[in-house]
Amino acid sequence: MDAPHPTTALASINELPENILLELFLNLPARQLLLNCRPVCSLWRDLIDLMILWKRKCLRDGFITKDWDQPVEDWKIFYFLRSLQRNLLRNPCAEEGMLAWQIDTEGGDNWKVESLPGAHGTAFPDPKVKKYFVTSYERCLKSQLVDLIAKGYWKELLDTFRPDIVVKDW
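Let me sum up the structure you'll find in this document. The model shown is predicted, which means the values in this text are computed figures rather than measured ones.

About the cut-offs
- Residues numbered from 1 in each chain as written.
- Predicted model: local features only at pLDDT ≥ 70, side-chain atom pairs only at ≥ 80, totals over all residues.
- Heavy atoms only, no water.
- 1 Å grid on protein atoms, 1.4 Å probe; cavity = no way out; pocket = protein on both sides within 12 Å on 5 of 7 lines; lining within 4 Å.
- Points joined across faces, edges and corners; volume = space filled by probe spheres on them.
- Nonpolar A, V, L, I, M, F, W, Y, C, P; charged D, E, K, R; others polar.
- Helix = DSSP H or I, 4+ residues; strand = E, 2+ residues; numbered from the N terminus.
- Polar contact = N/O pair within 3.5 Å; in protein donor to acceptor, adjacent residues only side chain to side chain.
- Contact = heavy atoms within 4.5 Å.
- Axes fitted to C-alpha atoms, helices over the stretch in contact; angles between N-to-C directions.
- Parallel < 35°, antiparallel > 145°, perpendicular 65-115°, else oblique.
- Buried < 20%, exposed > 50% of the residue type's maximum accessible area, 1.4 Å probe, protein only.
- Arc of directions from axis to C-beta.
- Salt bridge = Lys/Arg side-chain N within 4 Å of Asp/Glu carboxyl O.
- Lys, Arg positive; Asp, Glu negative; His and termini not counted.

A closer look at the layout of surface pockets
Now for step 1: Quantified by volume, the largest pocket comes out at close to 310 Å³.
Now for step 2: Every residue lining the largest pocket is counted, 16 residues in all, and those nearest its centre are Leu 81, Gln 85, Pro 163, Asp 164 and Val 166.
Now for step 3: Looking at the lining of the largest pocket residue by residue, the class counts come to nine nonpolar, two polar and five charged.

Structure representation (structure tokens):
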């Protein structure tokens, strides 16, 4: 006689307690949460829209500290804005020479890259900066096109929230 087969019951991930689902969502990349997880079902949408999830992601990723006391209207938007907060220029400190820069005007002795402390022995206030761009006695201009969409911004964020865009060149 054959032994009876145990009954297998398939369980749904949605049967997990909400705090466990939130913990799982906390460990997923933010864009994946919104693009792939949020549309799955109304439970996931509601959990992913909870401000506590985004506040915890901000804390975990170092965007805020435990003693943060500033009011935040929308933690999800705050999270994305903080995650995008970085210098958007390529090669801002001349570490790769003139790579990524378009030379618009070169007068006099043209653009050059020098190593710090430079010809005049002046140290730079940021110890990470080892090189810098220099120009001569005539006008020199350089530019760089920054594709905000490629850098992680999206049209709705730019149109609705109009985040400050900061670029730094040394």
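Still more ground to cover, so stick around.
Some words on the side chain of Lys 76
Now for step 1: With respect to the secondary-structure elements, Lys 76 resides in helix H5 (residues 75-83).
Now for step 2: Within the structure, the side chain of Lys 76 is placed 3.1 Å from the side chain of Asp 49, a separation counted as a polar contact.
Now for step 3: If sequence neighbours within four positions are ignored, Lys 76 has contacts with Leu 34, Arg 38, Asp 49, Met 51 and Trp 54.

Quick word on the packing of helix H2 (residues 30-37) against H5
Now for step 1: Interaxial distance between H2 and H5 falls to 10 Å at its minimum, and their mutual angle equals 130°. Relative to H5, H2 is oriented oblique. Along its contact with H2, which presents Ala 30, Arg 31 and Leu 34, the element H5 presents Lys 76, Tyr 79 and Phe 80.
Now for step 2: Residues belonging to the contact of H2 with H5 are distributed by class as follows: four nonpolar, no polar and two charged.

Some words on H2
Now for step 1: All of the buried residues in H2 are Ala 30, Leu 33 and Cys 37. Down the axis of H2, the buried side of the element spans an arc of 95°, and every buried residue falls inside it.
Now for step 2: Contacts from the buried residues of H2 go to helix H1 (18-26), helix H3 (42-48), helix H4 (51-60) and H5.

Let's talk about the pattern of salt bridges
Now for step 1: Evaluation of the coordinates by the stated rule reveals five salt bridges.
Now for step 2: Among the ionic pairs, Arg 45 bridges to Asp 46, the shortest N-O distance being 3.1 Å.
Now for step 3: Residue classification places Asp 46 among the partly exposed residues on the basis of a relative accessible area of 42%.
Now for step 4: Each member of the salt-bridge network shares a partner with another, and the members are Arg 38, Asp 49 and Lys 76.

Quick look at the side chain of Lys 57
Now for step 1: Along the chain, Lys 57 turns up in helix H4.
Now for step 2: Asp 61 provides the closest opposite charge to the buried, unpaired Lys 57, separated from it by 5.3 Å.
Now for step 3: A polar contact of 2.8 Å, which involves the side chain of Lys 57, links it to the backbone oxygen of Leu 28.

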